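# Reading the structure
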Amino acid sequence: MSAPAQPRISILAFGAFGVGTSGYIVAGLLPALTGELHVSATAAAQLVTAFAIAYAIGSPVFAAATGTWERRTLLVAALAVTGAGNLFAALAPGYGSLLVARVVTAVGAAVFTPAASAVAAELTVPERRGRAVALVFGGLTVALIFGVPLGSLISQHLGYRTAFALVAAFSLASALAVRFALPTVAAPPRVSLAERFAAGRDPRVLVMLATTVLACLAAFMVYTFVSPLLAATAGVHGTTVTVLLFCYGVGGAVGNFAGGRVTDRWGSRAPLLVVTVATTAVMALLPLTTVTPVGAGISLFVWGLATWSFNPPVQHRLIELSPGHAGLVLSLNASAIYLGVGLSGVVGGAVLASGGPLLLPEVAAALTLVALLLVGAAWGRVREPREQVAV
């Protein structure tokens, strides 16, 4: 990555931190939400579902609607909407209005993440694009390291409204940073919504998108309900859960950056297969490895490491498959990510209600195993692209 590009991409990662904290923070706020709103954990988890489904639908729709916008202006507007949604969440008088606030927040996030990834790739040279995209997603992993645990800690002492208000302030600060630190970036050629979805008709792209949905569903059905899981296995609550969430986030940050470097060196296929195997094994063993706080800390670190190594090879593979429409397929992949996240609240809630928290990681491991089989079976069955990777 060239020296001039590094600070600019770091600003995009700064914005991704605000967006990532907006999306993931409900997992850390779950105990406070259930206590202050007087709802069940399953009902509180639907705040994740509302955000994620709105993101999944909004990403391609709003990307098409704003396709002619200059990119810096688009990024600033997306962060401003994200901040407004979080402020609305902080002021929402009840559960219903909080659901609406999460939808507003998701609209901003749905525009920002794929646009930031595409801009990061455009601002750097082709051989370092894996690391550039990984740096943007690094903002999301830092959200897991600091944003979610800090939100959890704040909610324990000051309530969930204060946590949402602080995320709103950070999102608006990110908008200012992007406005004054990034250069103007011309909009790509105009693409209609129909053409945007047409980019996903390639069966190779569909395989990657299906893999993303399964992997994110598996990861977040456990992460969203990690508090009841850790209470059942290690008997921990409160501040200890905050520390364990921090361990997961640190592992996620290491995995994200390692995934980018490994993908740049060895391509996307081998890293993706290895990461999916590792994630399946780690989640299957979670009920056994999290019975003590120390074991839980190590397990959550390794789980975060494996889970967040997944993003760079998938995005690299999508750019390989559709080099002329990288922004389009990354937008579809963002929708796939949040479709998986949205389903996690529903599926995870059903598993929690029917089988208890210890069944969550076992079902998740089964889903990642399906993803592994899908990638392994489909990769070599379809002709590889001849184009050079380009954005």
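Chains are numbered independently. Their residues run from 1 in the order of the written sequence. Only residues with pLDDT of at least 70 get local features here, since the model is predicted, and only at 80 or more are side-chain atom pairs given and counted; chain-wide, interface and lining totals rely on the full set of residues. For side-chain calculations, the full set of non-hydrogen atoms in the structure is used, while hydrogens and water are omitted.

Quick look at the overall build of the chain now. Elements are defined by DSSP. Helices are runs of H or I of four residues or more, strands are runs of E of two residues or more, and each kind is numbered from the N terminus. Each helix and strand in the chain was counted, giving 15 helices and zero strands. Working definition: with a 1.4 Å probe on protein chains only, accessible area under 20% of the residue-type maximum means buried, over 50% means exposed, and in between means partly exposed. Across the 391 residues of the chain, 59% fall into the buried class. For the chain, long-range pairs separated by at least 24 residues make up 87% of all intrachain contacts whose partners lie at least 6 apart in sequence. Reported accessibility uses the Shrake-Rupley method at a 1.4 Å probe radius. Residues are deemed covered only where the shown protein chains occlude them. If you sum the accessible surface of the chain, you get close to 14,300 Å²; carbon and sulfur atoms cover 71% of it. In this description, contact between two residues means that some pair of their heavy atoms is separated by no more than 4.5 Å.

Here we come to the packing of helix H8 (residues 203–223) against helix H11 (residues 269–289). Simply put, an axis is a line fit to the C-alpha atoms, just over the touching stretch for a helix, and the angle between two N-to-C directions goes from 0 to 180 degrees. Running from N to C, H8 and H11 cross one another at 25°; their axes reach a closest spacing of 12 Å. The angle between the axes of H8 and H11 places the two elements in the roughly parallel class. Crossing angle aside, the handedness with which H8 passes H11 is left-handed. Where H8 approaches H11, its residues Met208, Ala218, Ala219 and Val222 are matched on the opposing element by Leu272, Met283 and Leu286. Looking at the contact of H8 with H11 residue by residue, the classes come out as seven nonpolar, no polar and no charged. The scheme is simple: roughly parallel for angles under 35 degrees, roughly antiparallel for over 145, roughly perpendicular for 65 to 115, oblique for anything else. By the definition used in this description, the sense in which the near helix is turned from the far one sets the handedness, with an anticlockwise turn below a right angle giving left-handed and a clockwise turn giving right-handed. Ten residues, namely Ala, Val, Leu, Ile, Met, Phe, Trp, Tyr, Cys and Pro, are considered nonpolar, four, namely Asp, Glu, Lys and Arg, are considered charged, and the remaining ones, Gly among them, are considered polar.

Definitions used for this entry: grid spacing 1 Å over protein atoms alone; cavity, a set of points where a 1.4 Å probe fits but cannot get out; pocket, an open set with protein on both sides within 12 Å along at least 5 of 7 lines; lining residue, one with an atom within 4 Å of a point. Grid points are joined across faces, edges and corners, and a volume is the space filled by probe spheres set on the points. In this structure the tally under the stated criterion is five cavities of 30 Å³ or more. In this structure, the largest cavity spans a volume of roughly 260 Å³. Looking at the largest cavity, it is lined by 22 residues, and the ones nearest its centre are Cys216, Phe220, Thr307, Phe310 and Asn311. The set of elements that each furnish at least two residues to the lining of the largest cavity consists of helix H5 (129–158), H8, H11, helix H12 (293–308) and helix H14 (326–355). These domain boundaries are the output of an automatic or database domain assignment. Taken domain by domain, the lining of the largest cavity gets at least three of its residues from each of domain 1 (1–189) and domain 2 (191–381).

On to the side chain of Thr224, then. Within the element layout of this structure, Thr224 appears in the loop between H8 and helix H9 (226–233). The buried category is assigned to Thr224, whose relative accessible area is 2%. For the purposes of these results, a polar contact is taken to be a pair of N or O atoms within 3.5 Å, where, inside protein, one atom must be able to donate a hydrogen and its partner to accept one; residues adjacent in sequence count only when each atom of the pair is a side-chain atom. Looking at Thr224, its side chain comes within polar contact range of the main-chain oxygen of Phe220, at 2.7 Å. With residues up to four places along the chain from it excluded, the contact list for Thr224 reads Ala27, Leu30, Ala45, Val48 and Ser344.

At a minimum axis distance of 8 Å, the contact between helix H3 (residues 71–91) and helix H4 (residues 95–122) shows a crossing angle of 155°. On the basis of their axis angle, the class for H3 and H4 is roughly antiparallel. For the crossing formed where H3 meets H4, the hand is left-handed.

Looking now at the packing of aromatic side chains. Here the aromatic set is Phe, Tyr and Trp, taking the six-membered ring for Trp, and pairing holds for ring centres within 6.5 Å; pairs whose planes are under 30 degrees apart are stacked, those over 60 apart are edge-to-face, and all others are tilted. Scanning the entire structure with this criterion turns up nine aromatic pairs. The interplanar angle of 80° and the centroid separation of 6.0 Å between the aromatic rings of Phe220 and Tyr223 together place this pair among those described as edge-to-face. In this pair, Phe220 and Tyr223 both sit in helix H8, three residues apart, roughly one turn of the helix. Comparing Phe220 with Tyr223, the two get one shared label, buried. Counting every residue linked through ring pairs, the aromatic cluster contains Tyr24, Phe220, Tyr223, Tyr248, Trp303 and Trp308. The rule for a charge over a ring is simple: NZ of Lys or CZ of Arg within 6 Å of the ring centre, and within 35 degrees of the ring normal. When the ring centre of Phe180 is taken as reference, the NZ or CZ atom of Arg179 above it lies at 5.3 Å.

Its boundaries defined by the atoms lining it, the second largest pocket holds a volume of some 160 Å³. Residue lining of the second largest pocket: Phe17, Gly18, Thr21, Ile25, Gly147, Leu150, Gly151, Ile154, Ala163, Leu166, Val167 and Phe170, and that is the complete set. Elements that contribute at least two residues to the lining of the second largest pocket include exactly helix H1 (5–37), H5 and helix H6 (160–181). Here the lining of the second largest pocket is composed, by residue class, of eight nonpolar, four polar and no charged.

The values reported here are purely geometric and, on their own, carry no functional implication.
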